[in-house]
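Residues per chain are reported as follows:
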Amino acid sequence: MIKLSKYIKIHIFTVIMFVICAFFHTINGFIIPYCVMLLHELCHTAAALCIGLKISDITLYPFGVNLKLGNKMVYSLADEIILYASGPLFNVLAALMAAIFYRLYPVETVRYFYICNIMLFIMNMLPAVPLDGGIILKKILAHKFGSGTAIKIMTAISVVIAAIETSLGIYVVYKTKMNFSVLLFSALMIGNIFTQKEKYDADFLKELMFYEKKSKKRVKHIVAENGESYEQIAKKFKIGDYGIVYITNSDGKILKTLTETEIIKKLVDTNITV
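Overview of the structure. No experiment lies behind these values; they were computed from the predicted model shown.

Conventions we followed
- Residues numbered from 1 in each chain as written.
- Predicted model: local features only at pLDDT ≥ 70, side-chain atom pairs only at ≥ 80, totals over all residues.
- Heavy atoms only, no water.
- Core = buried A, V, L, I, M, F, W, Y, C linked by side-chain atoms within 4.5 Å.
- Buried < 20%, exposed > 50% of the residue type's maximum accessible area, 1.4 Å probe, protein only.
- Helix = DSSP H or I, 4+ residues; strand = E, 2+ residues; numbered from the N terminus.
- Expected span 1.5 Å × (residues − 1).
- Arc of directions from axis to C-beta.
- Axes fitted to C-alpha atoms, helices over the stretch in contact; angles between N-to-C directions.
- Parallel < 35°, antiparallel > 145°, perpendicular 65-115°, else oblique.
- Contact = heavy atoms within 4.5 Å.
- Nonpolar A, V, L, I, M, F, W, Y, C, P; charged D, E, K, R; others polar.

With that out of the way, let us pick up the nonpolar core. Ranked by internal contacts, the top residues of the largest apolar core, which has 18 residues, are A48, L53, L69 and L83. Considering every element that reaches this core, the biggest residue donor is helix α2 (residues 27-50), with 4 residues.

Here it is, written out as structure tokens:
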């Protein structure tokens, strides 16, 4: 990984891709869609800064640009929709501007820029995680029905869409004689569904942090060091409060989170350490 600035990094294979495309004189076919993806992520970045989030870094991978946030806790559903809809909204506006410009100056590069924006918008607005459309739908479902139900619904929807994408990808490979682009996209979706696991779920933590608004109970945030027993942690609970426990290492980094209910269930079974 090559660090270009405090917030921007580029993968070594991305540099290799640029060199290969330049060598075979196909740089325009690579640089235009890559610029579209970069501008898409920069719009997400601008939206994140506007709603008070911090940027960890932006990484330029060979087949995409990834924005990593330093914090993901946003209470307002409207702010969350703004955050994840900002990128696709840019693609719509960019495609509209390219279409107007192409009518005046019919340049092939402008037409290609238009196509790239339309395709990125369509793909990103599919209601499947980790795409923007899927995340927006998940946030809405979590707001209405809770994070647990939202995860189950989105996993089911994502599996169905990934299966459709896979079938379409196989058809495209057959009809175009080995064009694997759609099949690769479906493989990435499937991989995310079954392998992505965050140390904590922001929607779940948000429910706990604002639990008082729904039940009139106070939420007590408890910090426990990795290695403490469930009995030691349970002694920190108070009657009338609802506890959420953050398990940290010696450096204070959160390793995982546990609810009061999970602690009590574990305590009933055995007194092992966390």
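Next comes the rest of the account.
Attention shifts here to the environment of I153. Within the fold, I153 resides in helix α6 (residues 147-176). For I153, a relative accessible area of 32% puts it in the partly exposed group. Put simply, I153 and L137 are 16 residues apart on the chain and 9.9 Å apart in space, counted from C-alpha to C-alpha.

Another aspect to go through is helix α4 (residues 108-124). For α4, built from 17 residues, the straight-helix expectation of 24 Å at 1.5 Å per residue is met to within 8% by its first-to-last C-alpha distance of 24 Å. Among the residues making up α4, those that are buried are V110, C116, N117, L120 and N124. Summarising the axial view, the buried residues of α4 lie within an arc of 120 degrees, below the 170-degree limit, and thus occupy one face.

Below, the discussion takes up the environment of V159. Here V159 is to be found in helix α6. Exposure remark for V159: the relative accessible area of 35% places this residue in the partly exposed category. Distance from V159 to V129, taken between C-alpha atoms, is 9.5 Å for residues 30 residues apart in sequence.

Attention now moves to the packing of helix α3 (residues 77-104) against helix α5 (residues 132-145). Taken N-terminus to C-terminus, the directions of α3 and α5 make an angle of 170 degrees; their axes are 9 Å apart at the nearest point. Here α3 lies roughly antiparallel to α5, going by the angle between them. Where α3 abuts α5, its residues L77, E80, I81, Y84, A85 and P88 lie against D132, I135, I136, K139, I140 and H143. Residues that form the contact of α3 with α5 fall into these classes: 8 nonpolar, 1 polar and 3 charged.

Function cannot be read off these values alone, since they describe shape.
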